[in-house]
Amino acid sequence: MEGRDQLAAGRFACTERERALFEAGIKMGTIYHQFVGTPVNLRTVESLEQGISSAISVQPYVESAEVRIDRSVFVKDGDRYSYVSLTGDMIDAVVTIKIGDCRVTAEMRYDRELGYPLMYVSDIC
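Described below are features of the structure shown in this document.

What counts, and at which threshold
- Throughout, residues of each chain are indexed from 1 in the direction in which the sequence is written.
- With pLDDT at 70 or above as the cut-off, local features in this predicted model cover only qualifying residues; side-chain atom pairs require 80 or more to be listed or tallied, and sums for whole chains, interfaces and linings still use all residues.
- Each side-chain value is derived from all of the structure's non-hydrogen atoms; neither hydrogens nor water enter the calculation.
- Under the DSSP-based scheme used, a helix requires at least four consecutive residues in state H or I and a strand at least two consecutive residues in state E, with every element numbered from the N terminus.
- Only protein chains enter the area calculation, which uses a 1.4 Å probe; residues under 20% of their type maximum are buried, those over 50% are exposed, and those in between are partly exposed.
- Orientation is described by axes fitted as lines to C-alpha atoms, over the contacting stretch for helices, and by angles from 0 to 180 degrees between their N-to-C directions.
- Throughout this description, any angle smaller than 35 degrees is read as roughly parallel, any larger than 145 degrees as roughly antiparallel, any in the 65 to 115 degree range as roughly perpendicular, and the remainder as oblique.
- Left-handed describes a crossing whose near helix is turned anticlockwise from the far helix by less than a right angle; the clockwise case is right-handed.
- Residue contacts are counted whenever heavy atoms from the two residues lie within 4.5 Å of one another.
- Ten residue types, Ala, Val, Leu, Ile, Met, Phe, Trp, Tyr, Cys and Pro, are classed as nonpolar, four, Asp, Glu, Lys and Arg, as charged, and the remainder, Gly among them, as polar.
- Think of a 1 Å grid over the protein atoms and nothing else: a 1.4 Å probe that fits but is trapped marks a cavity, an open set flanked by protein within 12 Å on at least five of seven lines marks a pocket, and residues with an atom within 4 Å of a point count as lining.
- Grid points are joined across faces, edges and corners, and a volume is the space filled by probe spheres set on the points.

## Digging into the overall build of the protein
Then step 1. Along its length, the protein carries three helices and six strands.
Then step 2. Along the protein, helices (α) and strands (β) appear in the sequence α-α-β-α-β-β-β-β-β when read from the amino end.
Then step 3. Along the longest, intermediate and shortest principal axes, the C-alpha atoms of the protein span 55 × 35 × 20 Å.
Then step 4. Residues counted as buried form 34% of the 125 residues belonging to the protein.

So, in structure tokens, the structure goes:
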């Protein structure tokens, strides 16, 4: 570690593993709370997926970010009024964080059994 990474690391009273988990939680919260409510339709859904993924990818320690939006909610052959507002149950996201030797993968998926867009850690170093 060098420079700003070392300076930032000195602010945390936890292990790299715990910090990677913390960073993963921040990224999941950002995806949900910053983008829910965004107007989207079949014409714009792909660019919104790419935009969310790109926005998350520029944050520190993100190794990869992939976002998919459920297209089953869109009206085919709609007109200018045929859009929806993005909701949590439409988002599938996978974000991988790497700090030092630790890699954490966090996911967001709508869990039908829970009736909730669940954010969870699916893999950890």
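## Some remarks on the packing of helix α2 (residues 16–35) against helix α3 (residues 45–57)
Then step 1. Axis separation between α2 and α3 bottoms out at 11 Å; the angle between their running directions is 135°. What the angle tells us is that α2 and α3 run oblique. When you trace α2 past α3, the crossing you get is right-handed. On α3, the residues that touch Lys 27, Thr 30, Ile 31 and Phe 35 of α2 are Ile 52, Ala 55 and Ile 56.
Then step 2. Of the residues that constitute the contact of α2 with α3, the class distribution is five nonpolar, one polar and one charged.

## Looking at the layout of surface pockets
Then step 1. A volume near 160 Å³ is recorded for the largest pocket.
Then step 2. In terms of residue class, the lining of the largest pocket is made up of four nonpolar, no polar and five charged.

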